[in-house]
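Architecture at a glance
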Amino acid sequence: MTGKGLTIAIDGVIGAGKSTAARGAAAALGYRHLDTGAMYRAVALAAARGGVEPGAPALGAFLEGLSLEFPAGRGGGIHLGGEDVSEAIRSPEVSRSVGAFADDPVVRRVLVRRQREIGRCGGVVAEGRDMSTVVFPHADLKVRMVADLEERARRRHREFLAAGVEISLSRVRADIRRRDREDAERDYGVEGGAPEDAVEVDTSGLTADQVVDRILALARKRGA
């Protein structure tokens, strides 16, 4: 633990509610919320706009020139070059393309470095697929969030409809199942899966507030 607060790492399956829980916990604790999945999505969006493909020779320089920021305060979202792209990165098109960028070692190297820079002083709730294994292996609290497929699909479907995106529940379910498979096969540079000291939280049937309360209880046991 640092003098400025805990480092809390939240990972788990897509659609388990990581972003909502991390945002709520960070707000309650007065910590910074680091949505690393949003960073990969922002890269995918920026690359699509710039016509840059995964593995392209120009990708490294392209990434170094990107401005990715998480403005302080509630609802700050993620900004790309000063533009709030919090909604744009959640489109089905970005969801289907982000995996290729997450697999690219150049992208991972640049973003992991930036993530560690953001979280190096503690007082952060970081969420993403490899938070507790790769980015912050020495986090003060590691939480792995899970939920059943049908509930995750319904949640994502409601989010898309609320954002005005017309997409079928079956398509959302198929996309999540594919992303689950990709994540299971992806090499995050570690062996053995989830760390032994990670606490699993099954969000099936829980409200967002109930999930946040569980994470806060765990954090307070560790001195938050």
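So, here's what we can say about the structure.

Calculation criteria
- Residues numbered from 1 in each chain as written.
- Predicted model: local features only at pLDDT ≥ 70, side-chain atom pairs only at ≥ 80, totals over all residues.
- Heavy atoms only, no water.
- Pairing = 2+ DSSP bridges.
- Helix = DSSP H or I, 4+ residues; strand = E, 2+ residues; numbered from the N terminus.
- Axes fitted to C-alpha atoms, helices over the stretch in contact; angles between N-to-C directions.
- Contact = heavy atoms within 4.5 Å.
- Buried < 20%, exposed > 50% of the residue type's maximum accessible area, 1.4 Å probe, protein only.
- Polar contact = N/O pair within 3.5 Å; in protein donor to acceptor, adjacent residues only side chain to side chain.
- Lys, Arg positive; Asp, Glu negative; His and termini not counted.
- Salt bridge = Lys/Arg side-chain N within 4 Å of Asp/Glu carboxyl O.

This part takes up the sheet that holds strand β7 (residues 141-146). Sheet architecture is open: five strands sit in the order β2-β6-β1-β7-β8, paired in parallel fashion. Where the open sheet ends on each side, the last strands, each with one partner, are β2 (32-35) and β8 (199-202). Here the average twist between neighbouring strands, direction ignored, is 20°.

With that settled, the discussion passes to the environment of Arg-186. Residue placement: Arg-186 occurs in the loop between α8 (169-185) and β8. Spatially, the C-alpha atoms of Arg-186 and Asp-103 are 7.1 Å apart, while their sequence positions differ by 83 residues. Filtering out sequence-adjacent residues up to four positions away, Arg-186 remains in contact with Gly-99, Ala-102 and Asp-103.

Among the structural elements, Ser-19 can be located in helix α1 (residues 18-29). When its relative accessible area of 17% is taken as the criterion, Ser-19 is described as buried. A polar contact is formed between the side chain of Ser-19 and the side chain of Asp-35, at a distance of 3.5 Å.

Here we take up the side chain of Arg-179. As for its placement among the helices and strands, Arg-179 is situated in helix α8. One buried charge, Arg-179, has no salt-bridge partner; the nearest side chain with opposite charge is Glu-182, at 4.3 Å. Filtering out sequence-adjacent residues up to four positions away, Arg-179 remains in contact with Ile-14, Arg-41, Ser-95 and Val-98.

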